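Fold and contact review
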Amino acid sequence: MSKHESLVPLKMLLFSFHATNTIILSFLPLYLRYKGLNGTEIGWVLAVGPLASIFAQPFWGYMSDKHKTVKRVLLVCIGGLLISSILFFQMNTLLSIILMGAIFYFFTTPIGGLGDSLAQRRANELQVSFGTIRTWGSIGFATSALIIGEILSRIGVQYMIYPYLFFGTIALIVAIKLKDVKVESDPIQLKDVNKLFKNKSFVIFLFLMIFLTISHRANDSFIGLYITELGGSESWVGLAWFIGVASEGAVFAFAGFWFRKYHPLIFVIVAGVLYSIRWFLYAGADDPMYIIALQVLHGLTFGTFYLAAFDYVTRLIPKDLTATGHLVFYAVFFGVSGIVGSLAGGAIMDMFSLGTLYFYMGVLSLVGTICLMAYHLLPYGKSSPVRKTE
């Protein structure tokens, strides 16, 4: 079997899962507003996902490392995604939405991290660029954003469950055909996970990157509401995500040409500078098309930051804790940061405005970038990695 053929199910999994993720990320806030929730209540519901991921990411990562399989854990999580999503979208009260949402997110949030972990390992096995595999997730995200945004603008956001189940079913089918990773090391024990938290470079980096990832996750939660507040429709929200993720996909696709030229922390810092500029520009927007046009910066910020941070973390963690380390990274990026971004963002939106929220996001990103510069110059940022990913 050729390299290309062996990677087709993995690429299709990333495509289909991120297509489902688009629907939740882009349109769930609009769906919750349709249900009658205000900004603060929407923030509470959106914070449930990150909160669940803090427990779900390390748990499923540990199960993957312990049983030496990514494929079987992915199948369990995708099956749970399909069943729990049906129940989640039947809920109508705030409490029931939050409680069922916690179960839904417990199965959903680890899939991206497990898929990327499997992609990283397969890329290493086949000596290909991780970015060329991961870009299929961006293609799925962008395609879904454009198509589903147009569909929902015509039929109504209340019907978002149907395209979600469609892409989720495809994800389950292709996951069955995945090639699992080969693992020769002994299964890890729970005590082995402590190695991650004794790694000072790993812990400090995760703490500092929160300043950037909070702003990123707040934007994920509220950009759709910002566009509609400025006069846009669901199709415009979909267009914004399409442009953003298309630029992200381009960054991933061409990563092999630029990514290895410098230390990954250099790219993390560059992304931080661009994040700060991006949020300050958004804060001054008075037209939804202005936001949509600026979405091209999404690839230069998230695409560069995620690829560089993921690579740097992979270098820092022991090989036998790869999946666990990756999902701890996910738990911080999409968990802790998502909770703070959703709760604080919803409160600021109700008390002030979404423009004010984006201004604070710019300030936060600037502080984080300065701290990461200091980290890179100090010994921790230059410490020898446990291993390299090339």
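See above for the structure.
Okay, so let's go over this structure.

Quick look at the overall build of the protein
On a plain count of helices and strands, the protein comes out with 16 helices and zero strands. With the principal axes as the frame, the protein shows a C-alpha extent of 55 × 45 × 40 Å. Burial analysis of the protein (390 residues in total) assigns 59% to the buried set. Summarising the internal contacts of the protein: among those between residues at least 6 apart in sequence, 87% fall at separations of at least 24. Carbon and sulfur atoms make up 69% of the accessible area of the protein, which totals about 15,400 Å².

Describing the side chain of Q295
Relative to the helices and strands, Q295 is located in the loop between α12 (288-294) and α13 (297-316). For Q295, a relative accessible area of 1% translates into the label buried. In this structure the side chain of Q295 is engaged in a polar contact, spanning 2.9 Å, whose partner is the side chain of R278. A distance of 2.5 Å separates the side chain of Q295 from the side chain of Y282, its partner in a polar contact.

Looking at empty space enclosed by the protein
Scanning all chains against the criterion turns up one cavity of 30 Å³ or more. Empty space within the largest cavity amounts to approximately 580 Å³. Among the elements of the structure, α1 (3-34), α2 (39-67), α4 (94-126), α5 (130-155), α8 (200-229), α9 (234-253), α13 and α14 (322-351) are those that each provide at least two residues to the lining of the largest cavity. At seven residues, the largest contribution of residues to the lining of the largest cavity is made by α1.

Description of the environment of A255
Mapped onto the elements, A255 comes out in helix α10 (residues 255-258). Taking C-alpha positions, A255 is 5.8 Å from G131, a pair spaced 124 residues apart along the chain.

Section: unusual backbone geometry
In the Ramachandran plot, K68 falls in the positive-phi region, its phi being about 55° despite a non-glycine side chain. With respect to the helices and strands, the residue K68 is situated in the loop between α2 and α3 (71-88). The class for K68 is buried, based on a relative accessible area of 18%. One non-glycine residue, Q127, lies in the positive phi region at around 60°. Its location among the elements puts Q127 in the loop between α4 and α5.

Details of the nonpolar core
By size, the foremost hydrophobic cluster in this structure holds 119 residues, and its most contacted members are L28, L32, M160, F205, F305, Y306 and F329. Look past the residues within four positions of F205 in its chain and what remains in contact with it is L265, V268, A309, Y312, V313, L372 and Y375.

Considerations on the environment of L30
Tracing the backbone shows L30 in helix α1. On a C-alpha basis, the gap between L30 and I210 in space is 26 Å, while along the polypeptide they are 180 residues apart. Setting aside residues up to four positions removed in sequence, L30 forms contacts with V157, G224, L225, T228, E234 and V237.

Procedures and definitions
Going along each chain's sequence as written, the residues are numbered from 1 onward. Reporting of local features is limited, given that this is a predicted model, to residues whose pLDDT is at least 70; pairs of side-chain atoms are given and counted only at 80 or more, and all residues count toward the totals for whole chains, interfaces and linings. The side-chain numbers reported here are obtained from all heavy atoms of the structure, hydrogens and water having been left aside. Runs of E in the DSSP output that reach at least two residues are strands. Runs of H or I that reach at least four are helices, and both are numbered from the N terminus. Here the term buried applies to any residue with accessible area under 20% of the maximum for its type, exposed to any over 50%, and partly exposed to those in between, with areas from a 1.4 Å probe on protein chains only. Working rule for contacts: check all heavy atoms of both residues, and any pair within 4.5 Å makes them a contact. The method behind every accessible area is Shrake-Rupley, applied with a 1.4 Å probe, and residues are considered shielded solely by the protein chains displayed. As used in this structure description, the phrase polar contact means that two N or O atoms lie within 3.5 Å; if the pair is within protein, one of them must be able to donate a hydrogen and the other to accept it, and residues adjacent in sequence are counted only when both atoms belong to side chains. Space inside and on the surface of the protein is sampled on a 1 Å grid over the protein atoms alone, with a cavity defined as a set of points where a 1.4 Å probe fits but cannot get out and a pocket as an open set with protein on both sides within 12 Å along at least 5 of 7 lines; lining residues have an atom within 4 Å of a point. Grid points are joined across faces, edges and corners, and a volume is the space filled by probe spheres set on the points. To define a nonpolar core, start from buried Ala, Val, Leu, Ile, Met, Phe, Trp, Tyr and Cys residues and group those joined through side-chain atoms within 4.5 Å.

Any functional reading would require information that these geometric values do not contain.
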